[in-house]
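# Residue-level structure breakdown
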Amino acid sequence: MSKIAVIGSNMVDLITYIDRMPAQGETLEAPGFALGCGGKGANQAVAAAKLGADVLMLTKVGDDMFADNTLANFQRFGIDTRYVQRVPGVSSGVAPIFVQADSHNSILIVKGANAHLVPADIDAAAQALRECSLIVLQLEINVDTAYHAIEFGRAHNIPVLLNPAPALSGLSREHLAHLDFLVPNESELALITGQVVDSPASAHKAAQTLVADGIRHVIVTLGQQGALYVGEEGEFQIPGLSVAARDTTGAGDAFIGCFIHHWSRDRDIRAAMTQAVAYSACSVTGLGTQTSYPDATAFAEFQRQLGA
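Everything numeric here is computed off the predicted structure, so don't read it as measured data.

## Regarding the overall build of the chain
What the chain contains, in helices and strands, is 11 helices and 13 strands. Here the C-alpha atoms of the chain give a radius of gyration of 18 Å, agreeing with the 19 Å that 2.2 N^0.38 yields for 308 residues. Considering only C-alpha atoms, the chain reaches an extent of 50 × 45 × 40 Å along its principal axes. The buried share of the chain, taken over its 308 residues, is 54%. Considering only contacts within the chain whose residues lie at least 6 apart along the sequence, 68% involve residues at least 24 apart. Of the roughly 12,800 Å² of accessible surface on the chain, a fraction of 51% belongs to carbon and sulfur atoms. If you average the places of the 19 positive and of the 31 negative side-chain charges in the chain, the two averages end up 4 Å apart.

## Description of empty space enclosed by the protein
Sizing a probe to match a water molecule and rolling it over the atoms shows the empty space that remains. Taken as a whole and judged by the stated rule, the model has two cavities of 30 Å³ or more. What the largest cavity holds in volume is close to 60 Å³. As for the largest cavity, its lining consists of Leu 58, Thr 59, Lys 60, Tyr 83, Gln 85, Leu 117, Asp 121 and Ala 124. Elements with a contribution of two residues or more to the lining of the largest cavity: β4 (54-61), β5 (80-86) and α3 (119-124). In terms of residues, the lining of the largest cavity owes the most to one element, β4, which gives three residues. Grouping the constituent residues of the lining of the largest cavity by class yields four nonpolar, two polar and two charged. A volume near 30 Å³ is recorded for the second largest cavity. Only β3 (32-38) and α2 (65-76) provide two or more residues apiece to the lining of the second largest cavity. Top element by residues in the lining of the second largest cavity is α2. It accounts for three residues. Split by residue class, the lining of the second largest cavity holds four nonpolar, five polar and no charged.

## Remarks on the packing of helix α9 (residues 251-266) against helix α10 (residues 269-283)
Close contact between α9 and α10 brings their axes to 8 Å; oriented N to C, the two are set at 145 degrees. Once α9 is placed against α10, the crossing between them reads as right-handed. Taking contact as the criterion, the partners of Ala 251, Ala 254, Phe 255, Cys 258, Phe 259, His 262 and Trp 263 in α9 are, on α10, Ile 269, Ala 272, Met 273, Gln 275, Ala 276, Val 277, Tyr 279, Ser 280 and Ser 283. Here the residues of the contact of α9 with α10 sort into 12 nonpolar, four polar and no charged.

## Looking at unusual backbone geometry
The omega torsion across Ala 165 and Pro 166 is 0 degrees, close enough to zero to call that bond cis. For Arg 267, which is not glycine, the phi torsion reads 60 degrees and is therefore positive. By the secondary structure assignment, Arg 267 is in the loop between α9 and α10.

## What to know about the pattern of salt bridges
Inspection of the entire model under this criterion finds 11 salt bridges. Across the salt bridge formed by Glu 26 and Arg 20, the nearest N and O atoms sit 2.6 Å from each other. Residues Arg 86 and Asp 68 are paired through a salt bridge, measuring 2.3 Å at the closest nitrogen-oxygen approach. Here the residue Arg 86 occupies a position in strand β5, and Asp 68 occupies one in helix α2, the gap between them amounting to 18 residues. The class for Arg 86 is partly exposed, based on a relative accessible area of 45%. Taking relative accessible area as the criterion, Asp 68 reaches 49% and is therefore assigned partly exposed.

## Brief notes about the sheet that holds strand β2 (residues 11-18)
Ordered by their spatial adjacency, four strands build an open sheet running β3-β2-β6-β7, and the pairing between neighbours is mixed. At either end of the open sheet lies a strand with only one pairing partner, and these are β3 and β7 (105-107). For this sheet the average axis-to-axis angle between neighbouring strands, irrespective of direction, equals 20 degrees. Sheet strands in contact with α2 are β2, β3 and β6 (94-100), and its direction is about 65 degrees off that of β3.

## A short note on the layout of surface pockets
Counted as a void, the largest pocket has a volume near 1,200 Å³. What lines the largest pocket is a set of 45 residues, among which Thr 248, Thr 249, Gly 250, Ala 251 and Gly 252 lie closest to the centre. Among the elements that take part in the lining of the largest pocket, α9 stands out by supplying five residues, more than any other. For the lining of the largest pocket, a count of residues per class yields 19 nonpolar, 20 polar and six charged. Computed from the structure, the second largest pocket encloses a volume of approximately 170 Å³. As for the second largest pocket, its lining consists of 16 residues, and the residues nearest its centre are Leu 35, Gly 36, Cys 37, Gln 290 and Thr 291. For the lining of the second largest pocket, the elements supplying multiple residues, two or more each, are β2, β3 and α2. In the lining of the second largest pocket, the residues fall into seven nonpolar, six polar and three charged.

Cut-offs used in this document
- Residues numbered from 1 in each chain as written.
- Predicted model: local features only at pLDDT ≥ 70, side-chain atom pairs only at ≥ 80, totals over all residues.
- Heavy atoms only, no water.
- Helix = DSSP H or I, 4+ residues; strand = E, 2+ residues; numbered from the N terminus.
- Rg over C-alpha atoms; globule rule 2.2 N^0.38 Å.
- Buried < 20%, exposed > 50% of the residue type's maximum accessible area, 1.4 Å probe, protein only.
- Contact = heavy atoms within 4.5 Å.
- Areas by Shrake-Rupley, 256 points an atom, 1.4 Å probe, with all protein chains shown as cover.
- Lys, Arg positive; Asp, Glu negative; His and termini not counted.
- Charge placed at Lys NZ, Arg CZ, Asp CG, Glu CD.
- 1 Å grid on protein atoms, 1.4 Å probe; cavity = no way out; pocket = protein on both sides within 12 Å on 5 of 7 lines; lining within 4 Å.
- Points joined across faces, edges and corners; volume = space filled by probe spheres on them.
- Nonpolar A, V, L, I, M, F, W, Y, C, P; charged D, E, K, R; others polar.
- Axes fitted to C-alpha atoms, helices over the stretch in contact; angles between N-to-C directions.
- Left-handed = near helix turned anticlockwise from the far one by under 90°.
- Salt bridge = Lys/Arg side-chain N within 4 Å of Asp/Glu carboxyl O.
- Pairing = 2+ DSSP bridges.

As structure tokens, then:
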């Protein structure tokens, strides 16, 4: 099986379960807390690895108590950590997450060492990257590093997938046009295109403009409504699955991790999206980010029980 390169962030998730957000100056008691490994890049890498993918991770960790835990977590799932480097005198990235009783969440991110992942790090890993069949990116790292990785993939004929999250205005349409896959959610799609995106129909229209710009495949995640595809293989929507959600944190990363695993095996976009919608649905029935991602056996059981 070919190797997938994930170039992106890692974070320490500081998850507080709350009944409601406190008002300014107010102190509330929260019913629960959990500490876990997260970050969009790490989440996507772990989800893919849990399903059996061969993953190479490029990221930076800090000079603190969280770094060893992050490295051990990658290695526990068999992820190649040759290019996970420590940054002296800098904190690891952290993400305070507040999860309400209705499963919705609010997240802050502190990039920390992730901000020190630079274009030169892509070049330093060039030999290993050339052996990969897919490069996966997000935007919790410097955008110039993401652009450099896109151009590296283009130069070496390696497909590149960008998850433009967290949402960032002013992205270079020239660089985006060189992508094989763009996988935004509705709000990210709206920010990139400048269009109102509030339904599958409006998402379809906005995605068409990006395909017209040159992106080969646009996949829009629609939460409970599944996912929409617009691109070289036509236009279609994979419907969502009805589940009892407990925590939606990391659901988008679960989708991408599952998608890249299945697509890298057989290049079937529709089949990979179908699996990814189900995997994302499974993830929201658990708590946390990576802790809610099932391995291949647990995922197969979830699908059997749901008839998916």
